[in-house]
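# Fold and geometry: a report
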Amino acid sequence: MIVHKPLNKYIKMVLMILPIIGSVSVSEGLVAIVTLCLVYMLMKYKHTEIPEGLNRLPGPKPLPIIGNVLEVYNNPHLSLTAMSERYGSVFQIQIGMRPVVVLSGNETVRQALIKQGEDFAGRPDLYSFKFINDGKSLAFSTDKAGVWRARRKLAMSALRSFATLEGSTPEYSCALEEHVCKEGEYLVKQLTSVMDVSGSFDPFRHIVVSVANVICGMCFGRRYSHDDQELLGLVNMSDEFGQVVGSGNPADFIPILRYLPNRTMKRFMEINDRFNTFVQKIVSEHYDSYDKDNIRDITDSLIDHCEDRKLDENANIQVSDEKIVGIVNDLFGAGFDTISTALSWAVVYLVAYPEIQERLHQELKEKVGMIRTPRLSDKINLPLLEAFILEIFRHSSFLPFTIPHCTIKDTSLNGYFIPKDTCVFINQWQVNHDPELWKEPSLFNPDRFLSADGTELNKLEGEKVLVFGMGKRRCIGEAIGRNEVYLFLAILLQRLRFQEKPGHPLDMTPEYGLTMKHKRCQLKASLRPWGQEE
Ligand code: HEM
């Protein structure tokens, strides 16, 4: 039930959030407030009928017009975790005038995304999502189930074929291994030469280019220099992108914010335009040089799919060419930001826990040696490294929420009624820090994923970490993501020792967004004795 408060209190609340969205004139502000009050009066009388036998969702009382935005706005993963302790694993908040259901707890998330996966497989029509990939994104758009499923299948098959393709020489087991080994070795050289010149380096700045080069290799058949200004400009905007599409962005839920001057949204549109122009240029070059008998990369294979379909008169023509070739935009975007954020966090954790860094190096030295580059096949012999990666995923929970979901029909969960088209947040951070699931969840301790004697990975424990989502919308790049993080890290750990820069203490407070980043920092690295067995 909504509590009524004096109008001046509502107005005060609205004025409190206006600074978030930039400066507005007094008359614009007043028109906005009057409009919102009218809309609120109408909404107040709109009442959801609860079917018999089901309960109304619990949750904090929303304020008129702004809902619970003030309680949620700052670090939503933490505020919504605190709320789950009070209201349980299924509860409702209101952001602006829009109800949002928040799910926490391993069992509840599993029930919704796996057992009732169909019901929760949609995406909400959030304002910011319309600007991603011109509204044609595979991950963020509200495509109907059939279209989304067809595109997802195509994307998965294209990714699989180009990751598992043979390497250019028998030395490599597959193209992904070749790309990562070459970029990893190049990254080591790059970091040492930056160290020689400047005495320290910004880990994200260099890791992001190496990771982008791996996905560029698969998607576009090309790599970029670490000084390429066009690529650098693009990949360095990923934190601003993530800050807008992270769960809980007020402009997505409070419609009036779309019509008021809003610097962040303007910048978000610019970033998307720049990203689309970059990919579009490469795609049109691919159309110009496309040769059916020489499919070079994922872009070619998607173009080929469109060409084949045109020859087939019975083809299902529901998915446009634009939406098919546009898949490459999603793969490129998702393929560099997530992995470079994970790797950059990993380097920062290595610096924060030097004794763990030494144990990891010793494991590599014993199992791989110091005269050859690690390979994907070494993974099975490096349980501590695998445990370290799992603990980075869990402890940092750098994807605190999945991309928001949406119910595609009326449904219920744990006895609560959830209507069709309800926006749903999945709090991955809560699952990864739930004291019911983890002993001392705030402690960074990779050994929690190892057997008692430390020689084997405890796979069951590892499966509890939630970072790729689950069910119908589960990340399609998971296998590539896990392999890439492992192989890059193995190469870096084998060759380099990372350290804090004196006078620059580490600040590990994450900055909230779709992917949470650590603050940009300066670190030091020194070469380990390479090419000689001890
Ligand atoms: C460490 C690396 C990665 C992490 C942690 C990660 C995590 C995630 C998460 C949490 C989601 C949302 C799931 C949901 O909404 O329920 C997602 C979706 C997605 N990911 Fe990843 N991801 C990673 C790497 C990749 C890579 C390398 C690619 C592709 C090259 C990729 C492509 C996608 C796509 C296309 C979706 C949207 C799927 C859909 O909506 O059907 N991801 N990922």
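Basis of the calculations
Residues numbered from 1 in each chain as written. Predicted model: local features only at pLDDT ≥ 70, side-chain atom pairs only at ≥ 80, totals over all residues. Heavy atoms only, no water. UniProt positions renumbered as here; feature names shortened; annotations may be inferred. Helix = DSSP H or I, 4+ residues; strand = E, 2+ residues; numbered from the N terminus. Buried < 20%, exposed > 50% of the residue type's maximum accessible area, 1.4 Å probe, protein only. Pairing = 2+ DSSP bridges. Contact = heavy atoms within 4.5 Å. Axes fitted to C-alpha atoms, helices over the stretch in contact; angles between N-to-C directions. Near = heavy atom within 4 Å. Polar contact = N/O pair within 3.5 Å; in protein donor to acceptor, adjacent residues only side chain to side chain. Nonpolar A, V, L, I, M, F, W, Y, C, P; charged D, E, K, R; others polar. Expected span 1.5 Å × (residues − 1). Salt bridge = Lys/Arg side-chain N within 4 Å of Asp/Glu carboxyl O. Phe/Tyr/Trp six-rings, centres within 6.5 Å; stacked < 30°, edge-to-face > 60°.

### Overview of the UniProt feature "binding site: heme" (unreviewed entry) in the protein
The UniProt feature table records "binding site: heme" (unreviewed entry) at Cys475. With respect to the helices and strands, Cys475 occurs in the loop between helix H19 (459–462) and helix H20 (478–495). Judged by its relative accessible area of 34%, Cys475 falls in the partly exposed class.

### Considerations on the sheet that holds strand S6 (residues 423–426)
Adjacent strands of a sheet form backbone hydrogen bonds with each other and so pair up, either parallel or antiparallel. Reading across the sheet, the four strands line up as S1-S2-S6-S3 and stay open at both edges, with mixed pairing between neighbours. Because the sheet does not close on itself, it has two edges, and the strands there are strand S1 (90–95) and strand S3 (405–406). Each of S1, strand S2 (98–103), S3 and S6 touches helix H5 (residues 106–115); the most contacted strand, S2, lies at about 115° to it.

### As for the site of the ligand
Taken together, 25 residues form the shell around the ligand, and within it Arg123, Arg152, His405, Arg473 and Cys475 come nearest. In the model, an oxygen atom of the ligand is placed 2.8 Å from a nitrogen or oxygen of the Arg152 side chain. Elements with a minimum of two residues in the shell around the ligand: helix H6 (145–164) and helix H15 (327–352). Its residues assigned to classes, the shell around the ligand comprises 15 nonpolar, seven polar and three charged.

### Here we look at helix H8 (residues 203–220)
Taking 1.5 Å as the rise per residue, H8 with 18 residues should run 26 Å; its terminal C-alpha atoms sit 25 Å apart, in good agreement. With 18 of 18 residues buried, H8 lies mostly within the body of the structure. Capping the start of H8, Asp202 holds a side-chain oxygen 3.2 Å from the backbone nitrogen of Phe204, two or three residues further along. Gly221 lies just past H8 and shows a positive phi near 65°.

### Examining the pattern of salt bridges
This structure, assessed with the given rule, holds 30 salt bridges. For Asp202, the salt bridge is made with Arg520, and the minimal N-O distance between the two is 2.9 Å. Placement of the pair is Asp202 in the loop between helix H7 (175–198) and H8 and Arg520 in the loop between strand S7 (496–500) and strand S8 (523–527), with a sequence separation of 318 residues. Since its relative accessible area comes to 12%, Asp202 is described here as buried. Ionic pairing is found between Asp227 and Arg205, a salt bridge with its closest N-O pair at 3.8 Å. Of this pair, Asp227 sits in the loop between H8 and helix H9 (229–235) while Arg205 sits in helix H8, and the two are 22 residues apart along the sequence. Salt bridges linked by common partners bring Glu118, Arg149 and Lys472 together as one network.

### A word on the side chain of Ser79
Relative to the assigned elements, Ser79 resides in helix H4 (residues 76–87). When sequence neighbours within four positions are dropped, the list of residues in contact with Ser79 reads Glu71, Val72 and Asn74.

### Describing the packing of aromatic side chains
Aromatic ring pairs are reported here in terms of the distance separating the ring centres and the angle at which the planes meet. Taken as a whole and judged by the stated rule, the model has 20 aromatic pairs. Judged by centre distance (6.1 Å) and plane angle (80°), the ring pair of Phe253 and Phe425 falls under edge-to-face. Separated by 172 residues along the polypeptide, Phe253 in helix H11 (residues 250–253) and Phe425 in strand S6 bring together distant segments of the chain. Ring-pair connections join several aromatic residues into one group, and the members of that group are Phe220, Tyr224, Phe275, Phe278, Phe332 and Phe336.

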